Amino acid sequence: MARPDGGPEAPRDPGRRVRIPHPHLPDLTLTQVRVLRLFGLLLLFAVLVLYAVFRSSRFQGLLRHRTETFLSQKLARPVTIGSFDVSLLPPSFLLRDVSIANDPRGLSGPCFAASEVEVRGLPSLFGSRLELPKFRLVAPTIVFEVFDDGSNNFSRLSKGGEEGGLDVTLSEAVVQRATIRFRDWSAKVDASLKEAAFVARRIGGSSTSHLDFGVRRARLRIGEYETFDFSLGIGADLSPGRLKIHDLHLRGPRISLDASGGIDNLRHPTLQLFPTIETRGEALGQLFGIDVPLTGPLRIAGSLLVKEKGSLEARATFDVENGGALGPFPVTASGLLHVDTAGVLAKVTRAEMLGGTVEADVRVQRLKNPPIPVAVIAHGHNLGFESFFAAIGLPGTGMMGRGDLDTTLTWGPGGVEKGDGVGTLRI
């Protein structure tokens, strides 16, 4: 038989195999495509079988028991897990009803519990570094307690994990409907945060993450004093070894606070804030047990330093604005404030009252265990007697004299009405 061009056809080799390409994959033959399809179906079948085995109640019970036993031994606390779940599209791993028992010295119940703990996406492991695309925590409850000896209910948990582990990096973290409770047994401080939410997202491809934390309902109580209700919002950036707080807002019916600051070294954390506080003088006694007979608008602005081991130091200026009063006497004042673990020292550099001026040092002896003792050393200049009697309800006495007053006064339980002091009056 002749070829189309007229030449004779090449003889066929009966032992030669002809390569037939796949119409859509020309680099592969039909046989190779069939083999790939077969392996693909086998792989899919194996994945579905493993998924079915994982979802079975028997495997779930065995996995839950092994995981609870392992974590309980590592943390030296009973750990319970409700169930596991895996999603293939999108890939995710989910734990339900996780709970870690609290320290026996603390409150009953768990120190940590959550209805859902989920990791979304495919984790990446590089040496000792584990990268998680997204971490989600739903309805967690966290109880943090500081005991009389200075230890806390999480310190023993951290000792249980001192053997080392992975450095975990999160691209995104979301916490929803959180409840957080803090108790300091020696200072008699009890704080609770409800309906809290937290979101952390990495900025672009950098190593910096932006953090947003908000609390819709929060309560603070010190000793037997009144409960302080407030809401809280924080915006910050977290970079390797450093936390920068851009905005911290606290709002309550009796106090508001705005601050910025951060932590320069997270390995040895020292928190520095620059707050501005607006409140009223009567709130000092109602909320914090600092029983100073001061009423009216009070504004404080300065810096706060909280060191690694819990010690604190604050320096600020304060102003008692128009409408303020010290007891029955109208007053406007300004001064300096120093706070540390030993107590509070307020230096009134200038106060205008009774038609004259006053300078004073007010010392709060300690910050813990109210009622808190208070000591005052005051020096008054050119104080008017007519203004004095008018302020206590006896106007029109006609006493036009003026005097200078040097006095010291201390009080504790029962307030200033049961205080002791001495003074010198020069007319």
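Provided above is the structure to which this section pertains.
Residues numbered from 1 in each chain as written. Predicted model: local features only at pLDDT ≥ 70, side-chain atom pairs only at ≥ 80, totals over all residues. Heavy atoms only, no water.

### Description of the sheet that holds strand E5 (residues 124-126)
Backbone-to-backbone hydrogen bonds pair the strands of a sheet. The strands run either parallel or antiparallel.
Next up, step 1: Pairing within the open sheet is mixed, and its three strands lie in the order E5-E6-E9. Edge positions in the sheet fall to E5 and strand E9 (167-170), since each has one partner strand and no second. Across the sheet, the mean angle separating the axes of adjacent strands is 20 degrees when strand polarity is ignored.
Next up, step 2: As paired elements, E5 and strand E6 (residues 129-132) share three bridges and run antiparallel to each other. When the bridges of E6 are listed, leucine 125 appears paired with leucine 130. (Pairing = 2+ DSSP bridges. Helix = DSSP H or I, 4+ residues; strand = E, 2+ residues; numbered from the N terminus. Axes fitted to C-alpha atoms, helices over the stretch in contact; angles between N-to-C directions.)

### Describing the pattern of salt bridges
Next up, step 1: Throughout the structure, instances matching the rule amount to 22 salt bridges.
Next up, step 2: Residues aspartate 190 and arginine 183 are paired through a salt bridge, measuring 3.9 Å at the closest nitrogen-oxygen approach.
Next up, step 3: Of the residues examined, aspartate 190 reaches a relative accessible area of 23% and is grouped as partly exposed.
Next up, step 4: Close ionic contact of aspartate 264 with arginine 242 constitutes a salt bridge, the shortest N to O distance being 3.6 Å. Of this pair, aspartate 264 sits in the loop between strand E15 (255-263) and strand E16 (271-280) while arginine 242 sits in strand E14 (residues 242-251), placing them 22 residues apart in sequence.
Next up, step 5: Owing to a relative accessible area of 42%, arginine 242 belongs among the partly exposed residues under this scheme.
Next up, step 6: A single network of salt bridges, built from pairs that share partners, joins Arg77, Asp103, Arg105 and Asp149. (Salt bridge = Lys/Arg side-chain N within 4 Å of Asp/Glu carboxyl O. Buried < 20%, exposed > 50% of the residue type's maximum accessible area, 1.4 Å probe, protein only.)

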